Structures are given as structure tokens and as C-alpha cells.
Amino acid sequence: MDVPWPTARTRFAGVIGWPVGHSLSPAMHNAAFRAVGLDWTYLAFPIEEDRVEGAVRGLFHAGCAGLNVTIPHKHAVLSCCDELTPAARAIGAANTLVPLGDGRVRGDNTDAVGFLRALDEAAPLDLAGADVLMIGAGGAARAIAYALTGRGARLLVANRTASRAAALGEPVPFTREAIDDAAAGAAMVVNATSLGMGTDEVPADLPVRALAPGAVAYDIVYRREPTPWLRAAEAQGARTVDGLGMLLHQGAAAFGQWTGVDPPLDAMRVGLLAS
Ligand code: NAP
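Residues numbered from 1 in each chain as written. Predicted model: local features only at pLDDT ≥ 70, side-chain atom pairs only at ≥ 80, totals over all residues. Heavy atoms only, no water.

A. Highlighting the sheet that holds strand 12 (residues 239–241). Strand order in the open sheet formed by six strands is 9-8-7-10-11-12, and the pairing between neighbours is parallel. In this open sheet, the two edge strands, each paired with only one partner strand, are strand 9 (170–172) and strand 12. Taking the axes of each pair of neighbouring strands and ignoring which way they run, one obtains an average angle of 20° across the sheet. Note that strand 10 (residues 188–191) and strand 11 (residues 216–219) share four bridges and pair parallel. Within the sheet, the bridge partner assigned to Asn191 lies in strand 11 and is Asp219. (Pairing = 2+ DSSP bridges. Helix = DSSP H or I, 4+ residues; strand = E, 2+ residues; numbered from the N terminus. Axes fitted to C-alpha atoms, helices over the stretch in contact; angles between N-to-C directions.)

So, in C-alpha cells, the structure goes:
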């Protein structure tokens, strides 16, 4: 007979967001708990905006061992944190909440480190003094700007809403010509918008032919297979990095903080791809 599970000793972690039903984090973290033999489970909690603070406090009061935070709550949870890591403070958003054991909660942002680890793994690049063009200036872009400037890159930013671009780097007009010009001189182009989600067309605003030979094309949009932009960029001779790597590594950095155990990256990757 199968042993009933979860038991009274099973610990829980999870993700809050609204909506959250699309999240791949449960598949990734539950695969990780199984791989390292932890009697933990990971759940997705759909939490509306006006309930964030109560939910976070209630979950931790109930013994929650760690939380991820996704759209649209990454900024709102800052007020639930008793301390913030330098990354969360600088980015102005937290995607990982860690109970410190004394009732206090630490907020971290692992999107930045996740972005860099995926780059180092898939297409290592010396960023010091390198020109990087980032398209997009939303929440994920803020974490990426922090990561890239921390490595000494010169950041050019093109965003549909121009005022947001200027807050993150040297603004580039959101026109085909200006984006192509900036891409031609860039060692890496990052798509940090949601352009390319759920379509088989290469989004018209993302550069392809203008990419410099050997440049890195990094698409943070995640899909099981490469996005159309990444496929086109690869055909053009670019090295490519997909969004699944960033998702994996931001999750791995959270897992390590909650459990104190080295994250089982292979199992987490399999969990992600199976979801
Ligand atoms: P967000 O804060 O809502 O920002 C969205 C960005 O996309 C903004 O720059 C927005 O421009 C731009 N945008 C949206 N629709 C556009 C359009 N039709 N044309 C031009 N620009 C458009 O979202 P986010 O949290 O930064 O997430 C952005 C994407 O990154 C999503 O696809 C998300 O799934 C993905 N993501 C991936 C990871 C990962 O681990 N791989 C982590 C976080 C996010 P405006 O400023 O003009 O609105």
C-alpha cells in the first residue's frame, strides 16, 4: 500500500501571484525536493492585490518554509520584509522571501543572479565595458539592469514607454532604425519584454539582421522550445540564451536559501521541461 503523503511532518513552500496558475515553479521545486529527499512540498497561492500582506504574514505564521513572489506582487511584498538583500533593495522588488526563524522575513531578488548564471552557463561573455542593448524596462528589466551594470556593462535601453527606459540606462528610441543601430554595436541584445510570448512570428521590434556576428541574443521569455526570435538570431550567427535558464537559476538560488541544500539543477531542469 502506498504511504499517504503529505504527512503531519511535511513542510511547505510556495509562490504567490495573481494569476498564478501558469507558474512552472511548483514543477521545478517539487522535482528538487524529491531529488534531494526533502519531505517538502511547493504550492501555488493565487493572492489578490489587497490580500498580499495578510497572506504573506499568515503563510509564514503557519510555518511556510519559503515563498516566491511573481507578477504583480514583487514590489508590494517589500513592506512585508524585515530585511532586504542589497539586490532586492536596489531593484525595488523581491521574488524570494526567506523566513529567518525568529519571526522575521528577508526579501531577496534572485532574478538578477539567475539572469547572470544562465548567461555564464550558455554563452559566457566578458561584460566589463561591453555594450548591451536591452529591449524592455519593466520589472524583470530592472533586475537585469542591476545584474548587467554590476558586471560593468554599458547598458542601452529601448522601451515602448520611453520614460521607463531612461531610468535604467542610456535610452534608445523605440524605432526599428534606432534599435537596429544600437544592436549592431552591441555584444549582447536582451529581450526583456513579453514580446514573443505565445506567437510563432518573430516580433517586429526585435532586431535580427542587425545583430553583430557572434553577439549574444538573450530572450527572457520562456518556452519549452527556443522562441522564434532566438531561432532567427541563431540562424544569423548569434549565440543564444533562453529564458528557461534564468527561471531555473532564480529558482535554484531561492531553493538554496530556504533549504540550506545545494540545488539539484538537473532535476529542476527536468521538472521544468516536464511541466
Ligand atoms: P512587466 O513589468 O509587465 O514589463 C513588460 C515589458 O514588456 C515592458 O517593458 C513593456 O513595455 C513591454 N511590452 C509589453 N508589451 C509590449 C508590446 N506589445 N510592445 C512593446 N513592448 C511591450 O513584465 P516583466 O515582469 O518585466 O516580464 C516581462 C517578460 O519577462 C514576461 O514575458 C515574463 O514572463 C518574462 N520573465 C521571465 C523571467 C525568467 O526567469 N525567464 C523572469 C521574469 C520575467 P512598456 O513599459 O511600454 O509597457
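B. Here's a closer look at the pairing of strand 6 (residues 105–108). In terms of strand pairing, strand 4 (residues 83–84) meets strand 6 through two bridges, oriented parallel. Residue pairing across strands places Leu84 opposite Gly107, the latter belonging to strand 6. For strand 5 (residues 96–99) and strand 6, the ladder comprises four bridges, and the chain directions are antiparallel. Each residue of the ladder has a partner; that of Pro99, found in strand 6, is Val105. Hairpin connection of strand 5 to strand 6: five residues between the antiparallel strands, including Gly101 at a positive phi of 95°.

C. Looking closely at the sheet that holds strand 6. The six strands are arranged 2-1-3-5-6-4 in an open sheet whose pairing can be described as mixed. Strands with a single pairing partner mark the edges of an open sheet, and in this sheet they are strand 2 (40–46) and strand 4. Here strand 1 (residues 11–17) runs beside strand 3 (residues 67–69); their pairing, made up of three bridges, is parallel. Note that in strand 3 the partner of Val15 across the bridge is Asn68. Strands strand 1, strand 2 and strand 3 of the sheet are contacted by helix 1 (residues 25–36), whose axis makes an angle of about 170° with strand 2. Across the sheet, helix 9 (residues 243–259) touches strand 1, strand 2, strand 3, strand 5 and strand 6, and the angle it forms with strand 5 is around 10°. (Contact = heavy atoms within 4.5 Å.)

D. Focus on the layout of surface pockets. Empty space within the largest pocket amounts to approximately 1,300 Å³. Lining of the largest pocket is provided by 40 residues; of these, Ile71, Lys74, Ala140, Ser194 and Ile220 occupy positions nearest its centre. Those elements that place two or more of their residues in the lining of the largest pocket are strand 3, helix 5 (139–150) and helix 9. The element that contributes the greatest number of residues to the lining of the largest pocket is helix 9, accounting for four residues. Across the lining of the largest pocket, the residue classes tally to 18 nonpolar, 17 polar and five charged. Built from parts of two domains, the lining of the largest pocket gets at least three residues from each of domain 1 (11–109 + 246–274) and domain 2 (112–241). (1 Å grid on protein atoms, 1.4 Å probe; cavity = no way out; pocket = protein on both sides within 12 Å on 5 of 7 lines; lining within 4 Å. Points joined across faces, edges and corners; volume = space filled by probe spheres on them. Nonpolar A, V, L, I, M, F, W, Y, C, P; charged D, E, K, R; others polar. Domains from an automatic or database assignment.)

E. Representation of the site of the ligand in the model. Surrounding the ligand, one finds 22 residues, the nearest of these being Gly139, Ala140, Asn159, Thr161 and Arg164. Between the ligand and Ser194, the relevant distance is 3.5 Å, taken from an oxygen atom to a main-chain nitrogen or oxygen of the residue. At 3.2 Å, a backbone N or O of Leu247 approaches an oxygen atom of the ligand. Protein chains shield 78% of the accessible area of the ligand, which is 920 Å² for the free molecule. Applying the majority rule of atoms within 2 Å of the grid points places the ligand in the largest pocket. Contributing elements (two or more residues each) for the shell around the ligand: helix 5 and helix 9. Ranked by residue count, the leading element in the shell around the ligand is helix 9, at three residues. Looking at the shell around the ligand, its residues break down into twelve nonpolar, eight polar and two charged. Per-domain counts for the shell around the ligand show at least three residues from each of domain 1 (11–109 + 246–274) and domain 2 (112–241). (Near = heavy atom within 4 Å. Polar contact = N/O pair within 3.5 Å; in protein donor to acceptor, adjacent residues only side chain to side chain. Areas by Shrake-Rupley, 256 points an atom, 1.4 Å probe, with all protein chains shown as cover. Sits in = over half its atoms within 2 Å of the grid points.)

F. Region of the structure containing the environment of Asp205. Looking at where Asp205 falls in the secondary structure, it is placed in the loop between strand 10 and strand 11. Since its relative accessible area comes to 30%, Asp205 is described here as partly exposed. Note: C-alpha distance between Asp205 and Ala158 (47 residues apart in sequence) is 9.9 Å. What Asp205 contacts, discounting residues up to four positions off in sequence, is Ile135, Phe174, Arg176, Ile179 and Leu195. (Buried < 20%, exposed > 50% of the residue type's maximum accessible area, 1.4 Å probe, protein only.)

Keep in mind these numbers describe shape, not what the thing actually does.
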